[in-house]
Every structure is written in C-alpha cells, then in structure tokens.
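So you can see what is in the structure, the chains are spelled out below.
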Amino acid sequence: MNAHEKPQAINAGALYAMDKKVYPQAVSGRFRRIKWAFMAVALGLYYLLPFVRWSRGVGAPDQAVLVDIPHRRFYFFFIELWPQEVYYFTGLLILAAFTLFLLNAVAGRVWCGYMCPQTVWTDLLFAIERWVEGDRRERMRKDKEKLTLKRVWELAAKHSLWLLVAWWTGGAWVLYFYDAPTLVRELVTFQAGPTAYIWIGILTLTTYSLAGHMREQVCVYMCPWPRIQAALTDEWALNVTYRGDRGEPRVSAKKAVALRLQGKPAGDCIDCRQCIAVCPTGVDIRQGSQLGCIQCGLCIDACDHVMREIGRPTGLIAYDNDLNAVRRKQGLPDVYKLVRPRTVLYVALIVLVGGIMTYALVNKKFTGVNVLHDRNPLAVQMSDGSTRNGYTVRLLNKYGDARRFRLHVEGLEGARLQIAGEPAADRPEITVEPDQTLELRLLITAPADVAPLEARDIVVVAEDEETGVFARAKDHFFPR
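If you're wondering where the values come from, they're calculated on a predicted model, not measured in any experiment. All chains use their own residue numbering, which begins from 1 and follows the written sequence. Residue-level local features of this predicted model are given only where pLDDT is at least 70; pairs of side-chain atoms are given and counted only at 80 or more, and the full residue set underlies all totals for whole chains, interfaces and linings. To obtain the side-chain values, all non-hydrogen atoms of the structure were used and water was disregarded.

Moving on: helix H8 (residues 194-214). Every α-helical turn comprises 3.6 residues, leaving residues that sit three or four positions apart pointing alike. With 21 residues, H8 should cover 30 Å at 1.5 Å per step; its first-to-last C-alpha distance of 28 Å lies within 8% of that length. When a residue's accessible area, from a 1.4 Å probe over protein chains only, is under 20% of the maximum for its type it is buried; when over 50% it is exposed; and in between it is partly exposed. Only runs of H or I of at least four residues qualify as helices and only runs of E of at least two qualify as strands under DSSP, and these elements are numbered from the N terminus. By the burial criterion, the buried members of H8 are Ala196, Ile200, Thr204, Thr207, Tyr208, Ser209, Ala211 and Gly212. Those residues of H8 hidden inside the fold are in contact with helix H4 (117-133), helix H6 (149-175) and helix H7 (180-188). In the segment just after H8, Arg215 is the residue with positive phi, at about 45°. To estimate how far a helix should reach, multiply one less than its number of residues by 1.5 Å. Working rule for contacts: check all heavy atoms of both residues, and any pair within 4.5 Å makes them a contact.

All right, on to a nonpolar patch on the surface then. A patch consists of residues whose relative accessible area exceeds 30% and which take part in no salt bridge; residues with like charges are grouped when within 9 Å of each other, and nonpolar side chains (Val, Leu, Ile, Met, Phe, Trp, Tyr) when within 5 Å. For the accessible areas, the method is Shrake-Rupley and the probe is 1.4 Å, while residue cover comes only from the protein chains on display. Put simply, a salt bridge is a Lys or Arg side-chain nitrogen that is within 4 Å of an Asp or Glu carboxyl oxygen. On the surface, Val86, Phe89 and Leu92 cluster together to form a nonpolar patch covering roughly 250 Å² of accessible area. A relative accessible area of 49% means that Val86 is categorised as partly exposed.

Further remarks concern the environment of Arg342. Tracing the backbone shows Arg342 in helix H16 (residues 341-362). For the pair Arg342 and Thr195, spaced 147 residues apart in sequence, the C-alpha separation works out to 46 Å. With residues up to four places along the chain from it excluded, the contact list for Arg342 reads Ala105, Leu232, Thr233 and Asp234.

Turning to the pairing of strand E6 (residues 367-373), a few remarks are in order. In terms of burial, E6 is largely enclosed, as five of its seven residues are buried. Strands qualify as paired when DSSP identifies two bridges or more between them. Pairing of E6 with strand E8 (residues 387-397), which is carried by seven bridges, proceeds in the antiparallel orientation. By the bridge assignment for E8, Val369 is matched with Leu395.

All right, on to the confidence of the model for the protein then. Confidence scores labelled pLDDT are given residue by residue by the predictor and lie between 0 and 100. Averaged over the protein, the pLDDT score is 88; the fraction of residues at 70 or greater is 96%. Overall, residues 1-10 carries pLDDT values under 50, and its contacts beyond four positions in sequence, including any with other chains, amount to 13 contacts.

Here you go:
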C-alpha cells in the first residue's frame, strides 16, 4: 500500500470488501492511439458490415454477411454454408483459440487490452462520460457534491447517450440475421416482429450494464480468460511491467536530484500515481503482475509523459518479460525471444487448421447424395428370381437453380434402378429444385443370373447433367 493511501476499512462481519469506484483519466500517447484505431476499426466493421451488399445472383440474398435462419444458411461474402457444414464453425473456433494462445505467448493479455468487445465498448462509453462530465478530477468532485439541476442534466445526457450506443449495438446485432435495410425500415415503422424488439432490448440492457456500469468488474470477476492465460504464459511473454530495478526507491523529482548529487540511490519513479489514474481497472502496476491488468499500455503512455517532463528516460513502465528484470540486476542486457517453440507451435497449428479449412472451401461440393438401406426386409426375392433391395436416397442441390440428376449404381453389373412411382430404368433421372434437398425411395434389382450370393458393397452415383459432376454414396446390396 502506498504511503499516501488510506487503509480501506473492512467490517469484521462482512464477507468481502467493497471495491472503490474507478475514475480513469484521459491520456494521450502511442498506445492510446493504437486503442483508438482498434476501436474505430472494430466498431466500424460491426455497425456497417450488415449494410454491405454482395451479389449472389437472382433469388439469393445480397447482404454480404447474413445468418439466414429461416432458410438455414450462413453467408459471408462469397462463402455460403449449410447446416451440414457446421464443421467450418468448429474450425473457426479452433483458429480463434490458437490465435488467442499465440497473442498470449507474445504479449500476455493484449487481446483484453485492445480487441476484446468489453474493452472496446467500455472505452467508447468512457469517452462519452469524459465528454459530458469532464475528466477524472471533475467527475470525482461532482460525485461528492450534492445534486444540482446541471448535474442531473449531465447524468441524464450521459446515460441517454450510453443507452443510444447500447441500443444501436443491439440493433446492429439483429441486422446480421435479416436484410439490414428492410429490418431498419420495419423497426422504424414498428412493423418488425416481436423477436427483433426482444433481442434488441436484451442486447441493449447487457451492453449498457456491462460496458457502462460493471466495466472493470467484468474483466476482474466475470471473465475466465485472466485465470486461463496465467496457465499459458511463460517467462518470455511480453507483459506491461514496472521496472522496479530502475524505479526504486521512489522519491520526488527534486529529492531524486539531490540524492544523485550526493551519490545516493534514487529511483526514477516519483510516485505521481499517474499510472494508476489512467488505468481502466484501477491497478497499481508497480505492485507487479495482477489479475486486473488488461495489458492495455495506457500506464506506459502516462509514465512516459511524466518521464519526459522531469527529463528522465522513458520506459520505466514498458512491455517486458520476466527474465529481463533478473538480467538487469545481474548487469546483463535485455533479451527478447518472440520466436520460440511455443509460438512456432501455435503458428504451425493456425496454418494447419487454416490450410485444411481453405482446402475444404476450395473443393467444396454443391451437390451431394446420401443413401440409407431399408432395415426390414434387407432383401426381397422377386417371382422371376431377381433380388431387390430398397433404399432411402436424399439428393442435395446447393446451387441457385434447379438441377437434374441421373442415377446409376456401381459394383452391381446389370442392376435395374426404379424410383418409387416411376418405371424402372438403367439411369433414372430426377430434378431437384434450387437450394433444396429431395428424399426419394430407390429400388435396386439384381437379375437372377448376377444376384450376389453374399452382401456386396455398392456405390449409388448421382450425376449432375449440367456440370457432369458426380456425387457418390456407399452402401451394401444384400442377397435374398
């Protein structure tokens, strides 16, 4: 505890100590600019992407990114996924996990500090709060004073703007599930379905609560990632670090000058507490690595500004690894090792999973066939001595126009095929409408002279007459 801090009184009968409200101070610098850039890109993509158009032909939706639940489709620009292709989403989750592990191995909780949605929206609401109420000291002073008409107006304006951001956040999310311009028009004219209004209300409430009120509590108590990343990090990971070997002992700027002239030790830290003032979670980075630190680097900007003001080198707080603190005490130079087995492994896994998904997308088939043999009876002997097996066949057409398929069977020479309700033929034909699956009953008959005496593997083939592409499904033909 710092000498200037008063000890927090804790009721002996209480189960926990109440957290003090955090009043983050505005700061400028390199890392603050990076955070502004990430916020602009993230919010810009989130709010505007539903309105981006992408032509897919006649009858297909032209929204670039769309989760089309009624038609069970997911569209992402030129990619179209069906429910049967849920493994792509599994691949995306695996990629996201390995990317998160890689970021942690390189720079700790850098995801939390710059790219996490909680951080992005909280930063935005912080900016609104400062714009309406003023910076840290003004907000602290106003919270201690009695309510006035002006103060009530400020609070009403702040919360109204917060609710507006939260409402548009919820509204933008809903736009990903319905044609955006159409839904906006229906929402404005109160013609949208109740589901849209319910979800907008839920997401408005959660955004307003999490980003506006809970803020750092989400990062410290609700999010599991701080606990997980502690088990994934190592001594080479770059974390926001207070270089105590240079900063201690802490003395004022004037006293530090006097001590150095006397040849006595004096640290560069002047105990200005600016690093704490700008921290969005209220962490004192000088106490070492902590659960609340999201590695955003704002304390670095604040400290560098103070160091420049007092004529000392910047970097008292910086992204550094655990090994360098030990090396500096031994008089050794700093070392950094971003390329190491851990990071190489993560990159290799990302490339492998990404390569598999890319290969699957490039070789994606737009037609398919599934075959299910009848369970009872397995086979029927006909009056002419031939043997017949029955199958349920499902044809899949992912194209935007109707396709005609020609069916035949491999592995059973001389077999006749018959679609239930139609005459038998060597290669019966069937039409499947666009974006549809068609289920039919298929009877395969082997003449008496070629009927197998034991179960035989066969392949049902569906040939797209327009493209000549074959879709195959393996099954068995059983004897009588």
